[in-house]
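# Results of the structural survey
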Amino acid sequence: MADFDFDLFVIGAGSGGVRAARTAAVTGARVAVAEDRYLGGTCVNVGCVPKKLYSYAAHFHEAFEDAGGFGWHLPEAPHFEWATLRDNKIGEIKRLNEIYAGLLDSAGVRLINGRAHVLDAHHVSVNDETLSAEKILVAVGGWPWVPDFPGNEHVVDSNRIFDLERFPERFLVLGGGYIAVEFASIFNGLGSETHLVYRRELFLRGFDQQVREFARDEMAKKGLQLHFEANIVSIEKVEGGLRVSLTNGEQLEVDTVLAATGRRPNLAGLGLDRLDIALTDTGHLRVNERFETSVPSILALGDVTGGPELTPVALAEAMQLVKHHFEKTQPAPLDYRHIPTAVFCHPNIASVGLSEEQARVACGEIRVYATDFRPMKHTLSGSRERCLMKLVVDDASDVVVGAHMVGEEAGELIQGIAVAVRAGLTKADFDATVGIHPTSAEEFVTLRTPTRR
Ligand SMILES: Cc1cc2nc3c(=O)[nH]c(=O)nc-3n(C[C@H](O)[C@H](O)[C@H](O)COP(=O)(O)OP(=O)(O)OC[C@H]3O[C@@H](n4cnc5c(N)ncnc54)[C@H](O)[C@@H]3O)c2cc1C
């Protein structure tokens, strides 16, 4: 071991890379991290953090409208200033970048600014320096992918959308995953005329069907224009904007087109092809339970391995990896079945466990408890927004196998329910829990009659 410059060389200072580097260093390992772009990776710079800040900004639109019914009247119609939001966001992210640098520094991790290339199982090069390490961790994340069609040079991807020079009065997003749905809600809320174009019949594949349909209807109520079973044929630059031609014959004129059409592992030029490393069918790095690739000294985690592409998953994998390789313990395998997840569209969606459709296959007999109601706040606000809450129960064992919500702060609420679902609690446990009144959340412990079986 002493022959190597480092015990661990991490490529990529994103969610997973930084956590792995810091926790490994705490065990006494000599660790270096190479980062060629931004500290904190996708989540901090062009993902979770700026997106949530923009989602907060978009929510103010409704807050101003809701306020009237409670007696609040604004002296003049509020107007939105894109540059203020964008530049305040830039300032906040700069602050976070510095915090990340400080965290690495205080853990004794050497940070190298530059693009790393893997030379062999124990060597990397960065900025013309060759360094050796007993273990190399590939934590390079993913990169947006844009489909090929005439005029695709006019689209922006999720890396560029946050820093647009001008606010798009007319906005179109292509895609049906959570990133597409979130940006559609954000720009709709900020005041753009917003279109979402998706080639299948409904967005958010993999989520509970009732949740998807409910979210579709709520988003349409807010004025979002949804074009399902349609795709972009071409984009043409015209005076004052972009003309987008769709496969259904429609033509839309907009200022900005966001392609939120998926992300691919960020492996180009990394050098791993030289090592003939094993990939999955989707082109991600294949790893075992110890996060080892087919070259055992090369480890990988996070988005580049093709698991659930979420920051808390990358963090959990990093800590698990350090337990295996540096604390030399045998941790129980990570539980990927009960990963709660939120979509910050408006209203928010959050889910944990199985959808109704998955539960029917996995459990056979199930009970579904669902309620769809007007939240108390909207009795005075005048908003037509409704809330959906749903529990999916395995009939034989009474275990709650799935919980779903569409409504304000769904992520905040489902995070707590996720503990109960992961612990395998039964519907009887939910029923025996006293509610907090008056909240929307209390519905989750007062759903007494099955909606269907
Ligand atoms: C728009 C958007 C919104 C999202 N919202 C959420 C959310 O709300 N909640 C959530 O949990 N997740 C969200 N995610 C996903 C989340 O950001 C990722 O799952 C997470 O960042 C993955 O972490 P990672 O460590 O695998 O990679 P990343 O965080 O992507 O970090 C990889 C790092 O490696 C660097 N790098 C790459 N190649 C090299 C090289 N050769 N040399 C040096 N450095 C290199 C990159 O510059 C980058 O900094 C979102 C993603 C996007 C795009």
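The residue count restarts for each chain, going from 1 along the sequence in the order it is written. Restriction of local features to residues with pLDDT of at least 70 applies here, the model being predicted, together with a cutoff of 80 or more for giving and counting side-chain atom pairs; totals for whole chains, interfaces and linings are based on all residues. Hydrogen atoms and water are omitted, and side-chain values are computed over all heavy atoms in the structure.

### Observations concerning the sheet that holds strand S9 (residues 193-198)
Going by this rule: By the convention used here, strands pair only if DSSP detects at least 2 bridges between them. Counting from the N terminus, the helices are the DSSP runs of H or I reaching at least four residues and the strands are the DSSP runs of E reaching at least two. What counts as an axis is a line fitted to C-alpha atoms, over the stretch in contact for a helix, and the angles between N-to-C directions run from 0 to 180 degrees. Contact criterion: two residues are considered in contact whenever any of their non-hydrogen atoms come within 4.5 Å of each other.
One open sheet holds the four strands; their spatial order is S10-S9-S8-S14, and the pairing between them is parallel. Where the open sheet ends on each side, the last strands, each with one partner, are strand S10 (225-228) and strand S14 (256-259). Neighbour-to-neighbour, the strand axes of the sheet open up by a mean angle of 15°, direction not taken into account. Sheet analysis places strand S8 (residues 170-174) next to S14, joined by four bridges and oriented parallel. Bridge pairing in S14 links Leu-174 to Ala-259. Strands in contact with helix H5 (residues 178-190) are S8, S9 and S14; relative to S9, the strand with the most contacts, it is inclined by about 165°.

### Examining the sheet that holds strand S12 (residues 241-246)
The sheet built from three strands is open, its strands ordered S11-S12-S13 with antiparallel pairing. In this open sheet, the two edge strands, each paired with only one partner strand, are strand S11 (232-238) and strand S13 (251-254). Here the strands of the sheet are splayed against their neighbours by 20° on average, with no regard to which way each runs. The pairing of S12 with S13 spans four bridges and is antiparallel. Bridge pairing in S13 places Ser-245 opposite Gln-251.

### Section: the UniProt feature "active site" (unreviewed entry) in the chain
The following threshold applies: UniProt positions are given in the numbering used here, feature names are shortened, and annotations may be inferred rather than shown by experiment. Under the scheme applied here, a residue whose accessible area is under 20% of the maximum for its type counts as buried, over 50% as exposed, and between as partly exposed, the area being computed with a 1.4 Å probe on protein chains only. Identification of polar contacts relies on pairs of N or O atoms within 3.5 Å, with a donor-acceptor requirement for protein atoms, meaning one able to donate a hydrogen and the other able to accept it, and with residues adjacent in sequence counted only if both atoms are side-chain atoms.
UniProt feature "active site" (unreviewed entry): in the numbering of this structure it lies at His-437. His-437 sits in the exposed class, given a relative accessible area of 67%. A distance of 2.7 Å separates a polar atom in the side chain of His-437 from a polar atom in the side chain of Glu-442.

### Quick look at the site of the ligand
Applied cut-off: Definition of nearness: a residue and a molecule or strand are near each other if at least one heavy atom of the residue lies within 4 Å of the molecule or strand. Asp, Glu, Lys and Arg are counted as charged, while Ala, Val, Leu, Ile, Met, Phe, Trp, Tyr, Cys and Pro are counted as nonpolar; the rest, among them Gly, fall into the polar class. An automatic or database domain assignment provides the domain bounds reported here.
Near the ligand, the surroundings consist of 38 residues, among which Gly-16, Glu-35, Thr-42, Lys-51 and Asp-303 are the closest. Residue Cys-43 places a main-chain N or O atom 3.4 Å away from an oxygen atom belonging to the ligand. Contact distances for the ligand include 3.1 Å between an oxygen atom and a backbone N or O atom of Leu-310. At the level of secondary structure, the elements contributing two or more residues to the shell around the ligand comprise helix H1 (15-26), strand S2 (31-35), helix H2 (41-46), helix H3 (48-67), H5 and helix H7 (311-325). Considering each element in turn, the shell around the ligand owes the most residues, four residues, to H2. Residues that form the shell around the ligand fall into these classes: 17 nonpolar, 13 polar and eight charged. Of the residues that make up the shell around the ligand, three or more belong to each of domain 1 (6-143 + 264-325) and domain 2 (152-261).

### What to know about the packing of aromatic side chains
What counts here: Put simply, two rings from Phe, Tyr or Trp (the six-membered ring, in Trp's case) pair if the centres are within 6.5 Å, and we call them stacked under 30 degrees between planes, edge-to-face over 60, tilted for the rest. Each ring is checked for a lysine NZ or an arginine CZ that lies within 6 Å of its centre and within 35 degrees of its normal; such an atom marks a charge sitting over the ring.
All told, the structure shown has eleven aromatic pairs when counted by the stated rule. Between Tyr-54 and Phe-162, the ring centres sit 5.4 Å apart and the planes meet at 65°, which makes this aromatic pair edge-to-face. Highlighted residues: Tyr-54 in helix H3 and Phe-162 in the loop between strand S7 (142-144) and S8, separated in sequence by 108 residues. Just as Tyr-54 is buried, Phe-162 falls in that class too. Measuring from ring centre to ring centre gives 5.4 Å for Phe-80 and Phe-167, while their planes differ by 70°; the resulting arrangement is edge-to-face. With Phe-80 in the loop between H3 and helix H4 (82-106) and Phe-167 in the loop between S7 and S8, this pair connects stretches of sequence that are 87 residues apart. Cluster of aromatic residues (ring-pair linked, three or more members): Tyr-54, Phe-80, Trp-82, Phe-162, Phe-167, Phe-171, Phe-183 and Phe-187. When the ring centre of Trp-145 is taken as reference, the NZ or CZ atom of Arg-264 above it lies at 4.3 Å.

### So, the state of the cysteines
Going by this rule: Cysteine sulfur atoms are paired as a disulfide whenever they fall within 2.5 Å.
In total, this model carries one disulfide according to the counting rule given. Cys-345 carries a free sulfur, and the closest cysteine sulfur to it, the one in Cys-387, is 12 Å from it. In this structure Cys-387 comes out as buried when scored by relative accessible area, which is 2%.

### A closer look at the nonpolar core
Selection rule: The definition of a nonpolar core used throughout is a set of buried Ala, Val, Leu, Ile, Met, Phe, Trp, Tyr and Cys residues joined through side-chain atoms within 4.5 Å.
Of all hydrophobic cores here, the largest spans 40 residues; its most connected members are Ile-161, Leu-196, Phe-203 and Ile-349. Mapped onto this core, the elements with two or more residues apiece are H3, H4, S8, H5, S9 and helix H6 (209-221). The element that contributes the greatest number of residues to this core is H5, accounting for seven residues. For Ile-349, the contacting residues outside a window of four places in its chain are Leu-204, Phe-207, Val-211, Ala-215, Thr-341, Ala-342, Val-343, Met-405, Val-406 and Ala-410. Ranked by size, the runner-up nonpolar core spans 24 residues in total, among them Ala-32, Val-118, Ala-133 and Leu-285.

### Things to note about the pairing of S2
Using the following cut-off: If the strands point away from the viewer and the path from the first strand over the helix to the second runs clockwise, then the crossover is right-handed.
The element S2 is extensively covered by neighbouring structure, given that five of its five residues are classed as buried. Burial of S2 is two-sided: the residues Val-31, Val-33 and Glu-35 facing one way and the residues Ala-32 and Ala-34 facing the other way are all buried. Traced from strand S1 (residues 6-11) through H1 to S2, the parallel crossover comes out right-handed. As paired elements, S2 and strand S3 (residues 110-113) share four bridges and run parallel to each other. Within the sheet, the bridge partner assigned to Val-33 lies in S3 and is Leu-111.

### A closer look at the domain arrangement of the chain
Buried accessible area, meaning the area lost when the parts come together, often serves as the stated size of an interface. What counts, and what does not: Note: buried area is the sum, over both parts, of the accessible area (probe 1.4 Å) each one loses when the two are combined. Note on definitions: salt bridges are taken to be side-chain nitrogens of Lys or Arg within 4 Å of carboxyl oxygens of Asp or Glu.
Here the domain parsing of the chain yields domain 1 (6-143 + 264-325), domain 2 (152-261) and domain 3 (347-445). On a C-alpha basis, the centroid separation for the pair domain 1 and domain 2 is 26 Å. On the domain 2 side, the residues contacting the 19 residues of domain 1 number 19 residues. Between domain 1 and domain 2, the buried area comes to about 1500 Å², and carbon and sulfur atoms account for 61% of it. With its nearest N and O atoms 2.7 Å apart, the salt bridge here joins Lys-222 to Glu-62.

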